[in-house]
Amino acid sequence: YLTDADIVKFLRRCSESLVKGGWIVLKENTCADEAFVVDVEDASITRSLDYWLDLISQSGLHARYLSWQNDFPDDIYPVPMIALQREQ
């Protein structure tokens, strides 16, 4: 999995490639009750929406639109789709 610092660096690099008015869309599993959940067996980390929004802010991007993936089973993490643009 990516560390928080790696995510911020990645999003910054992506934002540098955007044309004026361009978008980045992030779609990622999120957890609801904790800031993050580490799954050692799966070697993964699931972050909360607030945690993601903080990382996005640190990268200099702004969440302009958020929608949730529908029709997922109840035992699967919620999946937001977040449309990002550079802060102006």
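Up top is the structure.
Right, let's walk through the structure included here. (Residues numbered from 1 in each chain as written. Predicted model: local features only at pLDDT ≥ 70, side-chain atom pairs only at ≥ 80, totals over all residues. Heavy atoms only, no water.)

**Things to note about the nonpolar core**
Core analysis: the largest hydrophobic core is formed by 13 residues, its most contacted members being L11, L26, I56, L61, I82 and L84. Among the secondary structure elements, those contributing two or more residues to this core are helix 1 (4-16), strand 1 (24-27), helix 2 (49-58) and strand 6 (80-86). Residue contributions to this core peak at four residues, all from helix 2. The residues touching L11, leaving out its near neighbours within four places in the chain, are I24, I56, S59, L61 and L84. (Core = buried A, V, L, I, M, F, W, Y, C linked by side-chain atoms within 4.5 Å. Buried < 20%, exposed > 50% of the residue type's maximum accessible area, 1.4 Å probe, protein only. Helix = DSSP H or I, 4+ residues; strand = E, 2+ residues; numbered from the N terminus. Contact = heavy atoms within 4.5 Å.)

**With respect to the packing of aromatic side chains**
Geometry of an aromatic ring pair is reported as the spacing of the ring centres plus the angle between the planes. Within the structure shown, the criterion is met by one aromatic pair. Judged by centre distance (5.9 Å) and plane angle (75°), the rings of F36 and Y51 are edge-to-face. Here F36, found in strand 3 (residues 36-39), pairs with Y51, found in helix 2; they are 15 residues apart in sequence, far enough to count as distant. Over the ring of W52 we find R47; its NZ or CZ atom is 5.7 Å from the centre of that ring. (Phe/Tyr/Trp six-rings, centres within 6.5 Å; stacked < 30°, edge-to-face > 60°. Lys NZ or Arg CZ within 6 Å of the ring centre and 35° of its normal.)

**As for the packing of helix 1 against helix 2**
Their axes nearest at 8 Å, the elements helix 1 and helix 2 cross at an angle of 50°. With respect to each other, helix 1 and helix 2 are oriented oblique. Seen along the crossing, helix 1 lies across helix 2 with a hand that is right-handed. Contacts between helix 1 and helix 2 involve D4, I7, V8, L11 and R12 from the former and Y51, W52, L55, I56 and Q58 from the latter. (Axes fitted to C-alpha atoms, helices over the stretch in contact; angles between N-to-C directions. Parallel < 35°, antiparallel > 145°, perpendicular 65-115°, else oblique. Left-handed = near helix turned anticlockwise from the far one by under 90°.)

**Comments concerning unusual backbone geometry**
The backbone phi angle of A43 is positive, close to 55°, even though this residue is not glycine. Positionally, A43 belongs in the loop between strand 3 and strand 4 (44-48). The backbone phi angle of D71 is positive, close to 65°, even though this residue is not glycine. The exposure class of D71 is exposed, given its relative accessible area of 80%.

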